[in-house]
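# Examining the three-dimensional arrangement
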Amino acid sequence: MFFQRILAWALLAAGGAWAIYGIYSARWWSQAYWSAEGAWRMGAFVGIYAAVAGLLAWFAPRWFVPALAVVVTGYSLVAAGPLAVLSVLLVVGVSYVTGAYWMRRRPRALREMPVGLTVLGLGAWMVFVAVMARFPVHYWPVYLVLFAGMGFWAWTRQVPRLPAVSWPADRVGVMYLAIPALPLLAHWLAALKPEVGAEALSVHLVAPARMAAHHVWNFDVLEFAWAVKPMGGEWVFTLGYLFGGEAGARLLNVAILTLLCWLLYGWLHDLLPNRFASLLTAGFASLPLAHGMTGSLRVENVAALLLLGALYFFRRHLKTRIAGYGYAAAFLAGGTAMVSAGAAGFALALGVAACMTVPWRTLLKAAPLALGVGLMPYLEAGIRTGNPVFPYFNDYFRSQLFDAARRLDDTGGLAMAGLGSWGDLTFHTSRFVAGLDGGFGFLYLLLGPVCLAAIRPNWPRIGLVLLGVWWAGLVAVGVVGGRAEHLYVGLPVLTLLIGVMTATFRAHSPALLKVILGLLAVGFGVQMAMLPAVAPEHRDFALNQVFRPESVDEYVARYAPERPLVRELNRIAPRGRVAWLETNTVEGFAGRVFTNSWHHDAFQKRMEALTTTEGLLFAATELELGYFIAPAPDSALQLTSVFTREFLDLYTEPQYRFADRELRKFKPPQGGLAPLQLAYAPPGEHDELNSFVRYEGPWRRDLRAGEAWKGTLTYSNDLRARVFIRFQGRAITPLYTAAANRCTGVMSLDEAEEVEFAQYAEATRWQARGPRMEAAPGYHTLVIRLPQARSTTTSVAACFLDLDGFIVE
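Description of the structure in this document. (Residues numbered from 1 in each chain as written. Predicted model: local features only at pLDDT ≥ 70, side-chain atom pairs only at ≥ 80, totals over all residues. Heavy atoms only, no water.)

### Some thoughts on a nonpolar patch on the surface
Side chains of Tyr392, Phe393, Tyr396, Phe397, Val475, Val479 and Val480 sit close together on the surface and give an oily, nonpolar patch of about 700 Å² of accessible area. Elements with a contribution of two residues or more to the nonpolar patch: α19 (394–397) and α24 (461–479). Relative to the helices and strands, phenylalanine 393 resides in the loop between α18 (376–385) and α19. Assessed through its relative accessible area of 38%, phenylalanine 393 is described here as partly exposed. (Patch = residues over 30% accessible without salt bridge, like charges linked within 9 Å, V, L, I, M, F, W, Y side chains within 5 Å. Areas by Shrake-Rupley, 256 points an atom, 1.4 Å probe, with all protein chains shown as cover. Salt bridge = Lys/Arg side-chain N within 4 Å of Asp/Glu carboxyl O. Helix = DSSP H or I, 4+ residues; strand = E, 2+ residues; numbered from the N terminus. Buried < 20%, exposed > 50% of the residue type's maximum accessible area, 1.4 Å probe, protein only.)

### Examining the sheet that holds strand β4 (residues 652–658)
Strand pairing in a sheet relies on backbone hydrogen bonds, with the paired strands running either antiparallel or parallel. Sheet architecture is open: 5 strands sit in the order β2-β1-β3-β5-β4, paired in mixed fashion. Here the strands that pair on one side only, and so sit at the sheet edges, are β2 (592–595) and β4. The mean inter-strand angle of the sheet, taken between neighbouring strand axes irrespective of direction, is 25 degrees. Summarising the sheet, strand β1 (residues 577–580) and β2 pair through 4 bridges and their orientation is parallel. Bridging across to β2, alanine 579 finds its partner in phenylalanine 594. Strand contacts of helix α28 (residues 562–572): β1, β3 (627–631), β4 and β5 (661–666), with the helix running at about 30 degrees to β5, the strand carrying the most contacts. (Pairing = 2+ DSSP bridges. Axes fitted to C-alpha atoms, helices over the stretch in contact; angles between N-to-C directions. Contact = heavy atoms within 4.5 Å.)

### Topic: the pairing of strand β11 (residues 744–749)
For a regular strand, the rule is simple: side chains alternate between the two faces of the sheet. Taken across its 6 residues, β11 has 5 buried, putting it largely inside the fold. Looking at chain direction, β11 and strand β12 (residues 755–758) are connected through 4 bridges and run antiparallel. Considered in β12, the bridge of threonine 744 is made with alanine 758. If you look at the hairpin formed by β11 and β12, you'll find 5 residues sitting between the two strands, and aspartate 750 has a positive phi there, around 55 degrees.

### Considering the packing of helix α30 (residues 613–622) against helix α31 (residues 644–651)
At their nearest, the axes of α30 and α31 sit 9 Å apart, and the two run at 60 degrees to each other. Looking at the two axes, α30 sits oblique to α31. α30 and α31 meet at a crossing whose hand is right-handed. Residue-level inspection shows Thr613, Glu614, Leu616, Leu617 and Ala620 of α30 in contact with α31, the latter providing Thr644, Glu646, Phe647 and Tyr651. Partitioned by chemical class, the residues of the contact of α30 with α31 number 5 nonpolar, 2 polar and 2 charged. (Parallel < 35°, antiparallel > 145°, perpendicular 65-115°, else oblique. Left-handed = near helix turned anticlockwise from the far one by under 90°. Nonpolar A, V, L, I, M, F, W, Y, C, P; charged D, E, K, R; others polar.)

### A look at the pattern of salt bridges
This structure, assessed with the given rule, holds 35 salt bridges. A salt bridge links arginine 210 to glutamate 223; the shortest N-O distance between them is 3.1 Å. Taken together, the residues span a long stretch of sequence, with arginine 210 in helix α10 (residues 206–214) and glutamate 223 in the loop between α10 and α11 (232–271) at a distance of 13 residues. What makes glutamate 223 buried here is its relative accessible area of 3%. Each of Glu199, Arg298, Glu300 and Glu485 takes part in salt bridges that share partners, so that together they form one network.

### So, the packing of aromatic side chains
Enumeration according to the criterion identifies 37 aromatic pairs in this entry. For the pair phenylalanine 45 and phenylalanine 541, a centre-to-centre distance of 5.4 Å together with 45 degrees between the ring planes defines the contact as tilted. Here the residue phenylalanine 45 occupies a position in helix α2 (residues 36–59), and phenylalanine 541 occupies one in the loop between α26 (510–529) and α27 (550–559), the gap between them amounting to 496 residues. Put simply, the rings of Trp125, Phe128, Tyr143, Phe147 and Phe243 pair up and form one aromatic cluster. One residue, arginine 171, lies across the ring of tryptophan 58, its end atom 3.8 Å from the ring centre. (Phe/Tyr/Trp six-rings, centres within 6.5 Å; stacked < 30°, edge-to-face > 60°. Lys NZ or Arg CZ within 6 Å of the ring centre and 35° of its normal.)

### A short note on the pairing of strand β16 (residues 805–808)
By the alternation rule, side chains of β16 split into Gly805 and Ile807 and Phe806 and Val808, which are all buried. With 4 bridges connecting them, strand β6 (residues 684–687) and β16 associate as antiparallel partners. The residue bridging histidine 686 from the neighbouring strand is phenylalanine 806, located in β16. Pairing of strand β10 (residues 722–738) with β16, which is carried by 4 bridges, proceeds in the antiparallel orientation. The residue bridging isoleucine 732 from the neighbouring strand is valine 808, located in β16.

### Overview of a positive patch on the surface
A surface patch of positive charge is lined by Arg104, Arg105, Arg106 and Arg157. Residue arginine 106 is classed as partly exposed on the basis of its relative accessible area, which comes to 35%. (Lys, Arg positive; Asp, Glu negative; His and termini not counted. Charge placed at Lys NZ, Arg CZ, Asp CG, Glu CD.)

### What to know about the state of the cysteines
Counted under the stated rule, the structure contains 1 disulfide. Sulfur-sulfur distance for the disulfide between cysteine 743 and cysteine 799 comes to 1.7 Å. Because the torsion about its S-S bond is 115 degrees, the bridge between cysteine 743 and cysteine 799 counts as right-handed. Residue cysteine 743 is located in the loop between β10 and β11, and its partner cysteine 799 is located in strand β15 (residues 796–803); the two are separated by 56 residues in the primary sequence. Left unpaired, cysteine 261 is separated from the closest cysteine sulfur, that of cysteine 451, by 18 Å. Accessibility expressed as a relative area gives 3% for cysteine 261, which makes it buried. (Disulfide = S-S within 2.5 Å.)

Everything listed is a geometric property; what it means functionally is a separate question.
Quick look at the structure:
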């Protein structure tokens, strides 16, 4: 043990030095995690909570949990509505009853495992929705009858009306319980706000909303490329959405995280004294990544809960050898794989551990259960598309329903070649997830490696299982290029592993335990201080939607301005055919959806192949589009197609505007094409895409040209490409990017003699100025194109011509 203590100190010292360097290099203190108003609100919230919790702990400790429950329920009733609160109570309650039905022959489980039974029941309802998703039966009255049936069984079989839940009644115990409750309350306040997360509004909220509107899921990959992905999390949220709408689903996500922390706290309490269990649980709950996964509707909490539930029952099985616990673990492991492909790696690692530790007779029955549940979405995808993980890895599985050459834009990729190190993932989170740095905190960086020093021959088997599940899951996520938040699914496992390590050193190194305890306390405080690191939409902390309702509109206008347009669409054209341009914020729209993103592969490719504005007119007519949601002309959101702005100006009319987004109605011309609206640019500096510019031919737009004018430019290497710039003035100067792959083009003013427009340069020069073209004051048109030689046999040049903007005098 002496060598292990030395190794633990060495690893801790190395991790500490690395942490200091990482925090300094990332300059966490200089990053704006909170707005000024958000910092004030967060400080006031923490101060009030600390004062109230301290008073209750001192004078009435047994009333701390009931008082907390009353406050949370009461404010949720006012802020989110009674149906949202009722939906959470219904889903959690029926999940417990369903888990009790599973373990009805285990009276001890009914008494001692309320949280485990709730997790088991939630997994059962998730699988039920997954199986029944293809049938039009998803009406709230149907589920109410099913829930009532389970409740009637529980009543007649004398299942405890309420599970045997106990909480600390002494001062010290209440104070330790209050610590992890603090970040949970912060997540709850964030979840009371309307949804503005891009991924939630384009995927995770869309499926529950469609199930509520159509009462069936059609698995149509031509409308949503992700329609056959593992959707266990979405099926869980459907249960909350059917009864409580969006607010019900979001509050259910908070309840799932609460169950996760409850299960984690109980397990850690079996291993360690209260102070360690409390701070370890708080260390996980206060992760900025947890705030992002809970403040927005994300499925990672569901996957993490099911995985931890599987390990919980697996531990019970190892201790008791009761086969029922092993079957429950297998079922929940399969459910974990049903939530996401990234979580499947952790579930697979648990399956390997089971093969090494579970008796073969139990394994023969448990394995089909796990595989039957876990493989369900992958078989569905394989049968419908030919790709079991459609649309990912389509260059390997070659489904004809998605472009095999297309690489999905996934900025959270963790391919092992790009992972770099835990330090990068910890200190430079912005490389892997949206937001600022530090989303994974630094506790896991410091304490995770120390777990390796604690391994002993007499280590508990569950400790070795936790070690194997974490590292195998980490490697699986990295190898397949999974996203950073997929690692969040395994962080409760790593938290337990740290708990096992701490318990191992408890009797041999008191000094080491004091350092670990201090690190846990400091880490908790640091993580709370940068809570919105991966969720910048929460940098203002909570909204005061009860006493200041207009704050909701301000919040939505800033982060998800398309949402009011969708509400208007559902009012005027609930079954219409609508195209979303430059956004996937579909959320609760019940009609037919088209987006110019990978979510709608065919429409995106059609938009990319445009060579004229009239081509988009033909596509809109052929697809029978009725409306468009698009950025307004003055929006900061850029259009990817150079033909979109002119099409919107000519062939649509505004119906509704909110912030900088517009809902526009398609107005196809009668008896021919609409005449061009000859708008002329006034004096000043203009970007390359606006109502004054018309493109013809295969032009492309670069939205990531950081040093270009407004960060964008258009370019083409096609000899058929032309750009027409209309302006009012006496002179015009084009802006371009001089570079080694640029050509010498030609331009003419008002069809006069063409002059050369040389864009070649050995070294790149951004916002370079082309020839200044002069004319008499008035209305003029400048034409820019690539020259065509008589000997040309192809329409594609070996170099490019670009336009970054223009200056009118």
